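Report on the structure
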Amino acid sequence: MNARDREAVLLARCVFVARQTTQPQAPHDAREANVFRLAAMVVESGFPRESRSLMQASERYFTLHPDERLGPAEVVQRGWVSTLPRLRDSLTRRFREPRN
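Description of the structure in this document. Keep in mind the model is a prediction, meaning the values are calculated, not measured.

With that settled, consider the overall build of the protein chain. A count of helices and strands for the protein chain gives five helices and zero strands. Across the protein chain, helices and strands are ordered from the amino to the carboxyl terminus as α-α-α-α-α. Over its C-alpha atoms the protein chain spans a radius of gyration of 12 Å, differing by no more than 12% from the 13 Å that the globule rule assigns to 100 residues. Here the C-alpha coordinates of the protein chain stretch approximately 35 × 30 × 25 Å along the principal axes. Taken over 100 residues, the protein chain has a buried fraction of 42%. In the protein chain, 17 positive and 12 negative side-chain charges are present, and the distance between their average locations comes to 5 Å.

Take helix H1 (residues 3-18) next. Given a rise of 1.5 Å per residue, 16 residues ought to cover 22 Å, and the 22 Å separating the end C-alpha atoms of H1 matches this to within 8%. Every buried residue of H1 is accounted for by Glu7, Leu10, Leu11, Arg13, Cys14, Val15, Val17 and Ala18. Where the residues of H1 are buried, they touch helix H2 (30-43), helix H3 (48-64) and helix H5 (84-96). Regarding H1, its N-cap is asparagine 2, as a side-chain oxygen of that residue lies 3.0 Å from the backbone nitrogen of arginine 4 further along.

Conventions and cut-offs
- Residues numbered from 1 in each chain as written.
- Predicted model: local features only at pLDDT ≥ 70, side-chain atom pairs only at ≥ 80, totals over all residues.
- Heavy atoms only, no water.
- Helix = DSSP H or I, 4+ residues; strand = E, 2+ residues; numbered from the N terminus.
- Rg over C-alpha atoms; globule rule 2.2 N^0.38 Å.
- Buried < 20%, exposed > 50% of the residue type's maximum accessible area, 1.4 Å probe, protein only.
- Lys, Arg positive; Asp, Glu negative; His and termini not counted.
- Charge placed at Lys NZ, Arg CZ, Asp CG, Glu CD.
- Expected span 1.5 Å × (residues − 1).
- Contact = heavy atoms within 4.5 Å.
- Polar contact = N/O pair within 3.5 Å; in protein donor to acceptor, adjacent residues only side chain to side chain.

Next comes the structure, spelled out in structure tokens:
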């Protein structure tokens, strides 16, 4: 799986968790938890409900693994997201699509 494929899978997970109407699923690992947290921050003004769901999901993970929380710069440096504007734009596009 190349970087674009991994990004697409992670974005799909973000959208799935953000759109859950019940308690959001917990992230599978530290990578997801940190990306969910970062995604929540970058979409907060345009999609507050989705942002809240993503943040709640990441907090569930970090409650059990507080030492795995990273700052935004570290998430980008590790290559988990390419750039913050790209993350925001990709999620904005997906959140505007009709739900299936």
